[in-house]
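Now for the letters of each chain:
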Amino acid sequence: MDSKDTRIIIDCDTGIDDALAILYALRAPGVRVEAITTGFGNIGVQQAAENTLRLLALAQPDYDIPVAVGAAQALVREPGIYSPHVHGANGIGGVTLPPSNQQPVSETSAELIVRLADESPGELVLVTLGRLTNLALALELDPELPGKLQKVVVMGGTIYKPGNVTPVAEANIWGDPEAADRVFTAGFELLMVGLDVTLQTLIKGEHIAMLKRLGKAGNLPVIDFMEQTLQHYFRFYREANYVLDGAPLHDPLALMAALQPDLITTRRMKVRVEQQGEFTAGMVVADLRAQPKAGEYIEVAVDVDAERAVGAFLSVFI
Ligand code: BDR
Ligand code: CA
């Protein structure tokens, strides 16, 4: 490890775009993935951990990365609600990856986050790509956690764009609004990378064709995997969003923003997460009044240099 490397923990519900984000993190220069903590979301937590282990076996990083199994359900909401229509029944578009020899660690995701933050106070960046349940549980274990992480980058929410599960709620916040509100108001140095910017950052079929032409020989197995798994994702985005031969890089953009903050423009705003509304649960409510009063300040990504972000993503495989 280089002493200048950004040390990250990835907390995810390993579906299709989570998988792309993990592969990006493993190939990007200047990053060390200290752990991957999994939770329910796109699929059940056991499947999320299994997908993660198999993905690591495929990508073969040259150092060990512990994988933890975390929350199986939201803090208070009904269990068992996943997104097979978006990510396929196994979370990775029905692609079968070879099994891994690696086992998950015995600590839960929340326990692992707390221990690693304790061992390296102020040094680690936590990037969350799924529900915020694991982080809310970690906060319960250690209320001092906000002072021990360098920052938290959250893929989730939306301020100016419509939601993707309900008219106003994005999936990662909608899936556990109570956890999201606790995390957003806990005092973390927190950047929210939501649909405002991820919907602008599209990976297209032509990009995959280019990777197949130009990708490093050692990356061809992961490029093949991306091509296969994205077929399912592209189909969903064509049917649901009229995106033709492409899909948003939701989770990879959050990861890239953690490493290269100049890809995005941010605005500081006070937010809360709606937990009661029949039509609005999971909405991130930003107080944009001249004198904001409701909620706590977080940083929100409001614009992105999409072309540069897509280029940054693709280039690590070439
Ligand atoms: C988010 O929800 C999940 O489907 C994706 O993996 C991403 O984290 C996008 O709303
Ligand atoms: Ca995700």
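Residues numbered from 1 in each chain as written. Chains lettered and ligands numbered in written order. Predicted model: local features only at pLDDT ≥ 70, side-chain atom pairs only at ≥ 80, totals over all residues. Heavy atoms only, no water.

## Some details on the nonpolar core
Move 1: Core analysis: the largest hydrophobic core is formed by 69 residues, its most contacted members being Ile10, Met226 and Phe313.
Move 2: Setting aside residues no more than four positions away along its own chain, methionine 226 makes contact with Leu20, Leu23, Ile208, Leu211, Phe313 and Phe317.
Move 3: In this structure, Ala68, Leu116, Ala138 and Met269 belong to the second largest nonpolar core, which totals 35 residues. (Core = buried A, V, L, I, M, F, W, Y, C linked by side-chain atoms within 4.5 Å. Buried < 20%, exposed > 50% of the residue type's maximum accessible area, 1.4 Å probe, protein only. Contact = heavy atoms within 4.5 Å.)

## Re unusual backbone geometry
Move 1: The backbone of tyrosine 242 shows a phi angle near 60°, a positive value even though the residue is not glycine.
Move 2: As for its placement among the helices and strands, tyrosine 242 is situated in the loop between α10 (220-241) and β8 (246-248).
Move 3: Residue classification places tyrosine 242 among the exposed positions, given a relative accessible area of 74%.
Move 4: Phi angles above zero are rare outside glycine, and aspartate 245 is one such case at about 55°.
Move 5: Within the secondary structure layout, aspartate 245 lies in the loop between α10 and β8. (Helix = DSSP H or I, 4+ residues; strand = E, 2+ residues; numbered from the N terminus.)

## A word on the packing of aromatic side chains
Move 1: Using the criterion set out here, one finds four aromatic pairs in the structure.
Move 2: The interplanar angle of 85° and the centroid separation of 5.1 Å between the aromatic rings of phenylalanine 236 and tyrosine 237 together place this pair among those described as edge-to-face. For the residue pair phenylalanine 236 and tyrosine 237, the accessibility class agrees, reading buried in each case.
Move 3: Just above the ring of tyrosine 63 sits the side chain of arginine 32; from NZ or CZ to the centre is 4.1 Å. (Phe/Tyr/Trp six-rings, centres within 6.5 Å; stacked < 30°, edge-to-face > 60°. Lys NZ or Arg CZ within 6 Å of the ring centre and 35° of its normal.)

## Brief notes about the pairing of strand β4 (residues 125-128)
Walk down a regular strand and you will see the side chains alternate between the two sheet faces.
Move 1: In β4, alternate side chains face the same way, and those of Val125 and Val127 on one face and Leu126 and Thr128 on the other are all buried.
Move 2: Across four bridges, the pairing between strand β1 (residues 6-12) and β4 is parallel. Note that in β4 the partner of aspartate 11 across the bridge is threonine 128.
Move 3: One ladder, built from four bridges, connects β4 with strand β5 (residues 151-155); its direction is parallel. Considered in β5, the bridge of valine 127 is made with valine 153.
Move 4: Each parallel crossover has a hand, and the one from β4 via helix α5 (residues 133-141) to β5 is right-handed. (Pairing = 2+ DSSP bridges. Right-handed = clockwise from strand over helix to strand, strands pointing away.)

## Overview of the side chain of serine 120
Move 1: Relative to the elements of secondary structure, serine 120 occurs in the loop between α4 (109-119) and β4.
Move 2: Non-local contacts of serine 120, meaning those with residues more than four positions away in its chain, are made with Arg7 and Lys148.

## Notes on the environment of glycine 91
Move 1: You can see glycine 91 is positioned in the loop between α3 (84-87) and α4.
Move 2: Here glycine 91 falls in the buried class, since its relative accessible area comes to 0%.
Move 3: Between the C-alpha atoms of glycine 91 and valine 69, which are 22 residues apart in sequence, the distance is 16 Å.
Move 4: Beyond its immediate stretch of four places on either side in the chain, glycine 91 contacts Thr14, Gly15, Ile16, Ile43 and Asn51.

## Comments concerning empty space enclosed by the protein
Move 1: Going through the model one piece at a time under the given rule, you end up with one cavity of 30 Å³ or more.
Move 2: Of the pockets and cavities examined, the largest cavity occupies roughly 50 Å³.
Move 3: Those elements that provide at least two residues to the lining of the largest cavity are β1 and α5.
Move 4: Residues belonging to the lining of the largest cavity are distributed by class as follows: three nonpolar, four polar and three charged. (1 Å grid on protein atoms, 1.4 Å probe; cavity = no way out; pocket = protein on both sides within 12 Å on 5 of 7 lines; lining within 4 Å. Points joined across faces, edges and corners; volume = space filled by probe spheres on them. Nonpolar A, V, L, I, M, F, W, Y, C, P; charged D, E, K, R; others polar.)

## What to know about the site of ligand 1
Move 1: Residues in contact with ligand 1, as listed here, are Asp17, Asp18, Asn42, His87, Leu129, Met155, Asn164, Glu170, Ala171, Asn172, His250 and Asp251.
Move 2: Between ligand 1 and asparagine 42, the relevant distance is 2.9 Å, taken from an oxygen atom to a side-chain nitrogen or oxygen of the residue.
Move 3: Spatially, ligand 1 is embedded in the largest pocket.
Move 4: Mapped by element, the contributors of at least two residues to the shell around ligand 1 are α1 (16-27), α6 (171-174) and α11 (250-259). (Near = heavy atom within 4 Å. Polar contact = N/O pair within 3.5 Å; in protein donor to acceptor, adjacent residues only side chain to side chain. Sits in = over half its atoms within 2 Å of the grid points.)

## A short note on the sheet that holds β5
Move 1: Ordered in space as β3-β2-β1-β4-β5-β6-β11-β9-β10, the nine strands form an open sheet in which the pairing is mixed. A strand with exactly one partner marks an edge of an open sheet, and here the two such strands are β3 (67-69) and β10 (284-287). Pairs of neighbouring strands in the sheet enclose a mean axial angle of 30°, with direction left out of account.
Move 2: Lying over the sheet, α4 contacts β1, β2 (31-38), β3 and β4, oriented at roughly 150° with respect to β2. (Axes fitted to C-alpha atoms, helices over the stretch in contact; angles between N-to-C directions.)

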